[in-house]
Amino acid sequence: MDLNHPLKESIVFSHKMALLSKALWKSVEKDWQAWIKPFHLNLNEHHILWIAYQLNGATISDIASHGVMHVSTAFNFSKKLEARGLLSFSKKKDDKRNTYICLTDSGRQLFLETMRAFNEHTYHVYQGAVPMKELYGKFPEFSELICIVRHIYGTEFIEQFDACLTDFQNDVEEKDGHLKLASANLFPLQPAK
């Protein structure tokens, strides 16, 4: 890989990426906080619930890696969720080194309630992409961004990212504007009013 690119070009690219990423993240962060505030969760806690839902028996290292957070952050927020009865910690008989995290029934229910409360009309990044979908018939592709992230975090990160999204898409069905779990009839997920 040739890393000898013009300095000016690399500065402009890096600055564009930094500013656009920061602008997008600020919007996502604000919308995400507003979405989960009624559930008395912060971003890290909700992200951990989501990862625990998707990975179903994740280690603290898995949560840190998948959540792009420090291991101590993953552990500390997971302990707070455990104290609320939303997560459980356990060891496997054949693996005493790692601690595994699973959603409790209350944690699963709360996570699914947050999904039910999602309102696409209050999520600014989504709304910002709608005109592109209307013009081109599809949302923006992520292939170039995924390529960059793959080179930073590795193929395993992207494979895990893809698998988790695929699992979520397979676990949830939409019918008549309502979401429900495909594999179980725990309770239907309905969009926020």
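I will try to describe carefully the structure that is included in this document. These numbers were taken from a predicted model, which means no experiment stands behind them.

Definitions and cut-offs
- Throughout, residues of each chain are indexed from 1 in the direction in which the sequence is written.
- Predicted model: local features are reported for residues with pLDDT of at least 70 only, side-chain atom pairs are reported and counted for 80 or more only, and whole-chain, interface and lining totals are derived from all residues.
- Each side-chain value is derived from all of the structure's non-hydrogen atoms; neither hydrogens nor water enter the calculation.
- Helix and strand definitions follow DSSP, with helices as H or I runs of at least four residues and strands as E runs of at least two, each counted in order from the N terminus.
- Any two residues whose heavy atoms approach within 4.5 Å are treated as being in contact.
- Accessible surface is estimated by sampling points in the Shrake-Rupley manner with a 1.4 Å probe; for residues, cover comes only from the protein chains shown.
- Here Asp and Glu are counted as negative and Lys and Arg as positive; His is not counted, and neither are the chain ends.
- Each charge is placed at NZ for Lys, CZ for Arg, CG for Asp and CD for Glu.
- Inter-axis angles, ranging from 0 to 180 degrees, are taken between N-to-C directions of lines fitted to C-alpha atoms, where helices are fitted over the stretch in contact.
- Roughly parallel refers to an angle under 35 degrees, roughly antiparallel to one over 145, roughly perpendicular to one between 65 and 115, and oblique to any angle outside these ranges.
- Following the grouping adopted for this structure description, the nonpolar residues are Ala, Val, Leu, Ile, Met, Phe, Trp, Tyr, Cys and Pro, the charged ones are Asp, Glu, Lys and Arg, and the polar ones are all others, Gly among them.
- A simple rule labels every residue: compare its accessible area, found with a 1.4 Å probe on the protein chains alone, to the largest value its type can have, and call it buried under 20%, exposed over 50%, or partly exposed in between.
- Polar contact is defined as a pair of N or O atoms within 3.5 Å, subject to the rule that within protein one atom must be able to donate a hydrogen and the other to accept it, and that residues adjacent in sequence are counted only when both atoms are side-chain atoms.
- The term nonpolar core refers to a set of buried residues drawn from Ala, Val, Leu, Ile, Met, Phe, Trp, Tyr and Cys, joined through side-chain atoms within 4.5 Å.
- Two strands are said to pair when DSSP picks up at least two bridges between them.
- In this analysis, a patch consists of residues with relative accessible area above 30% that form no salt bridge, clustered at 9 Å for like charges and at 5 Å for the nonpolar side chains Val, Leu, Ile, Met, Phe, Trp and Tyr.
- We define a salt bridge as a contact between a side-chain nitrogen of Lys or Arg and a carboxyl oxygen of Asp or Glu at a distance within 4 Å.

**A word on the overall build of the chain**
Then, in step 1: Looking only at helices and strands, one finds eight helices and five strands in the chain.
Then, in step 2: Each helix and strand of the chain, ordered N terminal to C terminal, gives the series α-α-β-α-α-β-β-α-α-α-α-β-β.
Then, in step 3: C-alpha extents for the chain along the principal axes are approximately 55 × 45 × 25 Å.
Then, in step 4: Partitioning the intrachain contacts of the chain with sequence separation of at least 6 by distance along the chain shows that 51% fall at a separation of at least 24.
Then, in step 5: If you sum the accessible surface of the chain, you get close to 13,200 Å²; carbon and sulfur atoms cover 57% of it.
Then, in step 6: Computing the positive centroid from 22 side-chain charges and the negative centroid from 23, the chain places the two 6 Å apart.

**Describing the packing of helix H7 (residues 143-153) against helix H8 (residues 155-171)**
Then, in step 1: Where H7 meets H8, the axes come as close as 6 Å, and the angle between the chain directions of the two elements is 130°. Relative to H8, the element H7 lies oblique. Each of Ile146, Val149, Arg150 and Tyr153 in H7 lies in contact with H8, whose residues at this interface are Thr155, Phe157, Ile158 and Phe161.
Then, in step 2: For the contact of H7 with H8, the residue count by class is six nonpolar, one polar and one charged.

**Here we look at the side chain of Thr114**
Then, in step 1: Examined against the element boundaries, Thr114 turns out to sit in helix H5 (residues 105-117).
Then, in step 2: Of the residues examined, Thr114 reaches a relative accessible area of 0% and is grouped as buried.
Then, in step 3: A distance of 2.5 Å separates a polar side-chain atom of Thr114 from the backbone oxygen of Phe111.
Then, in step 4: The contacts of Thr114, once residues within four sequence positions are left out, are Trp35, Phe39, Leu41 and His46.

**Comments concerning the nonpolar core**
Then, in step 1: Membership of the largest hydrophobic core comes to 34 residues, with the highest contact counts inside it found for Leu49 and Leu87.
Then, in step 2: Here this core gets seven residues from one element, more than from any other, and that element is helix H2 (residues 43-55).
Then, in step 3: Residues within four places of Leu49 in sequence aside, it is in contact with Leu41, Leu81, Leu86, Leu87, Leu103, Leu110 and Phe111.

**Brief notes about the sheet that holds strand E1 (residues 58-59)**
Then, in step 1: Spatially, the three strands line up as an open sheet ordered E1-E3-E2, and their pairing is antiparallel. At either margin of the open sheet sits one strand with a lone partner, and together these are E1 and strand E2 (87-92).
Then, in step 2: Of the pairings in the sheet, the one linking E1 to strand E3 (residues 95-103) comprises two bridges and is antiparallel in character. Across the sheet, Ala58 pairs through a bridge with Ile101, a residue of E3.

**A few points about the pairing of strand E5 (residues 178-181)**
Then, in step 1: Looking at chain direction, strand E4 (residues 172-175) and E5 are connected through four bridges and run antiparallel. Bridging across to E5, Val172 finds its partner in Leu181.
Then, in step 2: The turn linking E4 back onto E5 is made up of two residues, and Asp176 within it adopts a positive phi angle of 55°.

**A few points about a nonpolar patch on the surface**
Then, in step 1: A contiguous nonpolar patch, built from Phe13, Val68, Phe142, Leu145, Ile148, Ile152 and Tyr153 and spanning about 720 Å² of accessible area, is present on the exposed surface.
Then, in step 2: Per-element tally for the nonpolar patch: the top contributor is H7, with four residues.

**Examining the pattern of salt bridges**
Then, in step 1: Taken as a whole and assessed by the stated rule, the structure comprises three salt bridges.
Then, in step 2: The salt bridge partner of Lys26 is Glu29, with a shortest N-O separation of 3.5 Å. Of this pair, Lys26 and Glu29 both sit in helix H1 (residues 7-36), separated by three residues, roughly a single helical turn.
Then, in step 3: On the accessibility criterion, Lys26 (47% relative accessible area) is partly exposed.

Remember, this is a structural readout, not a statement about activity or role.
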